[in-house]
Amino acid sequence: MSAVRSWGYQLNGLKVEDAARSPYDLLVVDATTGLAADRPFRPDEVSSLKTKPDGSKRLVVSYLSIGEAEDYRPDYFSTEYMTEDAPDWLLHENPQWKGNRIIRFCTEGWQKTILGDDNGLNIYNSIELSPLYRLIELGLDGVYLDRVDVYSEVKKECPDAEAKMVEFVARLAAHARKKNPGFMVILQNAEELLAHKTMIDAIDAVAKEDLFYGVDYSQGANNVEAVRSSIANLKRARAAGRPVFVVDYVKDRGKISDAKKKIESQGFIPYIGPRDLGALWLPGVNF
């Protein structure tokens, strides 16, 4: 991870051949639903992405949300969850992302839904692999954890939510590394949790969306104090030897140049792309 100097991020509509031709040292994909072929990745496809066009190694990690359940992921979300038989961890829909349901992440039911049992098997049938172990089995280098920041939205449902989320991420990392000791964990957002040594010890890198632009889903510049606070937290990871990846979703050429320059000035690694993450933007072409 410390050798990564560039990264790309595409979660839907990905074509393996196109992504393999990209120059990136690290690719973040969605190994379950991200292919243009509308099926999960195969191990050979993951393997093909691990080599850059120049023959050098590339890291490939998969997106995994641990604070929301998406209704297009049948491995743990089915129609009966919308009925009176819904599990205790399923809460309301995220108004910003239709089909995504907020999770009471602190429940053992949800955590084991993601992790599986002690052997990484799906807790609902004890035959298939859990969502986490399925990614390991595919040969991915790690996971890119999203919606860790849900802890701030469910404090009533999860008392002491901050500490419990830190514990959950550490538990996930330890569980994954039982199967693959070199498995990497990247935290997206929730950078304030880097104040906890347990969090820094559990992860290999941190990523931040909307650092300089668009935190309100616009193309506008972010509040200066908010930017300063995020940078101070992200630098905790840098001080501990963890790379910091930043993605700003801007379209204007001037803002793209400004965001890239500001990200690099902090010693962070930039990527600029479309907010829907439906295409892989390339350096020198799109930004």
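See the structure above.
What you see as residue numbers is a count from 1 along each chain, following the sequence as written. Selection of residues for local features in this predicted model requires a pLDDT of at least 70, selection of side-chain atom pairs for listing and counting requires 80 or more, and totals for whole chains, interfaces and linings are taken over all residues. The side-chain quantities take in all heavy atoms of the structure and omit both hydrogens and water.

A. Seen up close, the nonpolar core. If you look at the biggest cluster of nonpolar residues, it comprises 96 residues, and the most contacted ones within it are Tyr9 and Phe105. With 8 residues, helix α5 (residues 161–179) is the single largest residue contributor to this core. In this text, buried Ala, Val, Leu, Ile, Met, Phe, Trp, Tyr and Cys residues form a nonpolar core when linked through side-chain atoms within 4.5 Å. Think of it in three bands: with a 1.4 Å probe and only protein chains considered, a residue is buried below 20% of the maximum accessible area for its type, exposed above 50%, and partly exposed in between. The secondary structure listing takes helices from DSSP runs of H or I that are at least 4 residues long and strands from runs of E that are at least 2 residues long, numbered from the N terminus.

B. Representation of helix α8 (residues 253–265) within the structure. Multiplying 1.5 Å by the residue count of a helix minus one yields the expected span of that helix. Taking 1.5 Å of rise per residue, the 13 residues of α8 would be expected to cover 18 Å, and the 18 Å separating its terminal C-alpha atoms lies within 8% of that figure. Taken as a whole, α8 has its buried residues at Ile256, Ala259 and Ile263. Axial view of α8: buried residues confined to an arc of 70°, hence all on one face. Counted as exposed and oriented over 90 degrees from the buried face of α8: Arg253, Lys261 and Ser265. Two residues form a contact once any of their heavy atoms are found within 4.5 Å. Close packing links the buried residues of α8 with β10 (244–248) and β11 (269–272). Looking one or two places after α8, you find Gly267, whose phi comes out positive at around 80°. Each direction from the helix axis to a C-beta atom contributes to the arc, which is the arc of those directions.

C. Spotlight on the pairing of strand β5 (residues 90–93). By definition, two strands form a pair when at least two bridges between them are found by DSSP. Here β5 runs beside strand β6 (residues 100–103); their pairing, made up of 2 bridges, is antiparallel. Across the sheet, the residue bridging to Leu90 is Ile103, located in β6. Where β5 folds back on β6, the antiparallel hairpin that results is connected by 6 residues, among which Gly99 adopts a positive phi of roughly 90°.

Treat this as a map of the structure, not an account of what it does.
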